[in-house]
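Residue strings, one per chain:
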Amino acid sequence: MIPYGKQSISQDDIDAVVDVLKSDWLTQGPKVPEFESAISNYCGAQHACATNSATSALHIACLALGVAKNDSVWTSPISFVASANCALYCGATIDFVDIDLETGNMSVNALESKLKAAKENNCLPKVVIPVHLAGQSCNMQAIHLLADKYDFKIIEDASHAIGAKYLGKPVGCCEFSDITVFSFHPVKIITSAEGGMAVTNCAKLYKKMQRLRSHGITNHPDEITEPSHGPWYYQQLELGFNYRMSDIQAALGLSQLKQLNNFVKVRNEIAKTYDHAFADSDILHLTQSDDCYSSYHLYVVRLTQCDIAKHKSVITSMREQGIMAHLHYVPIHLQPYYQTLGFSKGDFPNAETYYKQAVTIPLYPAMIADKQQFVINTLIGLV
Ligand SMILES: *Cc1c(COP(=O)(O)O)cnc(C)c1O
């Protein structure tokens, strides 16, 4: 089966992990801060807080921004469920902003209309979480302007987008957001097996997230409430979690980071080949903005000429022929759990149309030309 995505692990990656296994620190050692500095340097952000997943990073990012009961958080319905679940973990309510069909990203127009209505009803969101679908940044400049106007915070869910650029700068520089979150799950651009990272330019948010990822505990002289009892002393100041990344994971992430630019370059080349191959067909791809350099976590095509049955049969036939075609994503508001929260079919029409048309086809750095040609021929033959 040709997978839709796959990690690339080198001998250097393996050696980096083995070195940690032979060292004194399997966790809470030097590799985590090393990985954090490497990521913040790469992105051009001041601070980075490593976690055991992007899901945890999204959770503590929301908490750090003060998301709590009676707050509202908005995200995109075309995302992995974690983008929305993080708000619910904080006891807040979640709502969605419909997408732009051409890019699959949150629609700025839809966001603006929803904000106008929310202002009238006195129910503006505390945080908006744009998701950089497939590795292409959302229109962050416009979203940031709206954040100033309507007074909300921004967490970029850049789980797909490490190595991507927006207006010439790395996604994660947080020029237009408060916090950016990355995922290092093996299907993403670089991996630490499981792992995530929250980057920010705000020292206060960074400190808060650091504390929340480790039980709400600190021994920092500036943070504790009374003089230290001695070198063993620490205080729990709030209810945190064990969301720590291990040194084994950080070492793998650090080693993978060295390959990041190369991975993204190869992903772009493979994407370009698909673009050309489908140029004269009914197979559309996600429109790329000139403002963006995508990391191409996913290659998504849209089959706008196919009905539901045909769309389904394209995916199942590809799988029968050994190609792991996929669909990212089932709109979150259509998930049974979200339906129990009051969402229903028809709430976000573009997301639902997108769901009837989108197909993810294989793209990963080690994909060889023969396999790509097989995917191209198979898909063209089916559509
Ligand atoms: C993968 C993913 C997540 C969750 O990442 P984990 O590291 O697996 O927790 C969150 N948001 C999006 C958009 C993702 O694709």
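The shown structure was predicted, so the numbers you read here are calculated from the model rather than taken from an experiment.

**Looking at the overall build of the protein chain**
Here is step 1: Along the protein chain, the regular secondary structure elements total 13 helices and 15 strands.
Here is step 2: Taken across its 383 residues, the protein chain has 55% of its residues classed as buried.
Here is step 3: Within the protein chain, residue pairs in contact and separated by at least 24 positions form 72% of the contacts whose partners lie at least 6 positions apart.
Here is step 4: Measuring between centres, the 30 positive side-chain charges of the protein chain sit 2 Å from its 37 negative side-chain charges.

**Looking at the site of the ligand**
Here is step 1: Taken together, 15 residues sit near the ligand, with Thr55, Asp157, His160, Ser183 and Lys188 positioned nearest.
Here is step 2: Summarising the interface, the protein chains cover 93% of the accessible area of the ligand, which totals 380 Å² for the free molecule.
Here is step 3: For the shell around the ligand, the elements supplying multiple residues, two or more each, are helix H3 (54-64) and helix H4 (82-89).
Here is step 4: Tallied by class, the residues present in the shell around the ligand amount to five nonpolar, eight polar and two charged.

**Things to note about the sheet that holds strand S7 (residues 169-170)**
Here is step 1: Sheet architecture is open: three strands sit in the order S7-S6-S13, paired in antiparallel fashion. At either margin of the open sheet sits one strand with a lone partner, and together these are S7 and strand S13 (292-293).
Here is step 2: Pairing between strand S6 (residues 165-166) and S7: two bridges, direction antiparallel. In the sheet register, Lys165 faces S7, and the bridge partner there is Pro170.

**With respect to the packing of helix H2 (residues 31-43) against helix H8 (residues 247-257)**
Here is step 1: At a minimum axis distance of 8 Å, the contact between H2 and H8 shows a crossing angle of 30°. As H2 packs across H8, the resulting crossing turns out to be left-handed. In contact with Lys31, Val32, Glu34, Phe35, Ala38, Ile39 and Tyr42 of H2, H8 contributes Asp247, Ala250, Ala251, Gly253, Leu254 and Leu257.
Here is step 2: When its residues are assigned to classes, the contact of H2 with H8 shows nine nonpolar, one polar and three charged.

**Description of the side chain of Thr218**
Here is step 1: If you trace the backbone, Thr218 turns up in strand S10 (residues 217-218).
Here is step 2: With a relative accessible area of 7%, Thr218 lands in the buried category.
Here is step 3: A polar atom in the side chain of Thr218 sits 2.9 Å from the backbone nitrogen of His220.

**Some thoughts on the domain arrangement of the protein chain**
Here is step 1: Split by domain assignment, the protein chain resolves into domain 1 (11-98 + 105-257) and domain 2 (260-382).
Here is step 2: Spacing between the C-alpha centres of domain 1 and domain 2 amounts to 26 Å.
Here is step 3: Counting residues at the interface gives 35 residues for domain 1 and 33 residues for domain 2.
Here is step 4: The interface formed by domain 1 and domain 2 includes zero salt bridges.
Here is step 5: Seen at the junction of domain 1 and domain 2, the total is 18 residue pairs in polar contact (both at pLDDT 80 or more).
Here is step 6: When residues of the side of domain 1 that touches domain 2 are traced back to their parent elements, those giving at least two are H4, strand S3 (93-96), S6 and H8.

**Side note on the pattern of salt bridges**
Here is step 1: Evaluated as defined, the whole model comprises ten salt bridges.
Here is step 2: Close ionic contact of Glu34 with Lys31 constitutes a salt bridge, the shortest N to O distance being 3.4 Å. Here the residue Glu34 and the residue Lys31 both occupy positions in helix H2, the gap between them amounting to three residues, near one helical turn.
Here is step 3: Taking relative accessible area as the criterion, Glu34 reaches 38% and is therefore assigned partly exposed.
Here is step 4: The salt bridge partner of Arg213 is Glu36, with a shortest N-O separation of 2.8 Å.

**Overview of the sheet that holds strand S2 (residues 72-75)**
Here is step 1: Taken in spatial order, the seven strands make up an open sheet running S1-S9-S8-S5-S4-S2-S3, and their pairing is mixed. Only two strands of the sheet have a single partner each, and these edge strands are strand S1 (47-51) and S3. Across this sheet, the average inter-strand angle for adjacent strands is 20°, counted without regard to direction.
Here is step 2: Inspection of the sheet shows strand S8 (residues 179-183) paired to strand S9 (residues 196-200) by five bridges, in the antiparallel sense. When the bridges of S9 are listed, Ser183 appears paired with Gly196.
Here is step 3: Each of S1, strand S4 (127-129), strand S5 (153-157), S8 and S9 is contacted by H3, which is oriented at about 165° to S8, the strand it contacts most.
Here is step 4: Against the sheet, helix H5 (residues 108-120) contacts S2, S3 and S4, and its axis sits at roughly 165° relative to S2.

**Examining helix H10 (residues 308-320)**
Here is step 1: End to end, H10 covers 18 Å across 13 residues, agreeing with the expected 18 Å (1.5 Å per residue, within 8%).
Here is step 2: Among all positions of H10, only His311, Val314, Ile315, Ser317 and Met318 are buried. The buried residues of H10 occupy an angular sector of 165° when projected down its axis, which confines them to one face. Exposed and facing more than 90 degrees away from the buried side of H10 are Ile308, Ala309, Lys312 and Glu320.
Here is step 3: The elements touched by buried residues of H10 are strand S14 (299-303), helix H12 (349-357), strand S15 (358-361) and helix H13 (369-382).

What counts, and where the lines are drawn
- Residues numbered from 1 in each chain as written.
- Predicted model: local features only at pLDDT ≥ 70, side-chain atom pairs only at ≥ 80, totals over all residues.
- Heavy atoms only, no water.
- Helix = DSSP H or I, 4+ residues; strand = E, 2+ residues; numbered from the N terminus.
- Buried < 20%, exposed > 50% of the residue type's maximum accessible area, 1.4 Å probe, protein only.
- Contact = heavy atoms within 4.5 Å.
- Lys, Arg positive; Asp, Glu negative; His and termini not counted.
- Charge placed at Lys NZ, Arg CZ, Asp CG, Glu CD.
- Near = heavy atom within 4 Å.
- Areas by Shrake-Rupley, 256 points an atom, 1.4 Å probe, with all protein chains shown as cover.
- Nonpolar A, V, L, I, M, F, W, Y, C, P; charged D, E, K, R; others polar.
- Pairing = 2+ DSSP bridges.
- Axes fitted to C-alpha atoms, helices over the stretch in contact; angles between N-to-C directions.
- Left-handed = near helix turned anticlockwise from the far one by under 90°.
- Polar contact = N/O pair within 3.5 Å; in protein donor to acceptor, adjacent residues only side chain to side chain.
- Domains from an automatic or database assignment.
- Salt bridge = Lys/Arg side-chain N within 4 Å of Asp/Glu carboxyl O.
- Expected span 1.5 Å × (residues − 1).
- Arc of directions from axis to C-beta.

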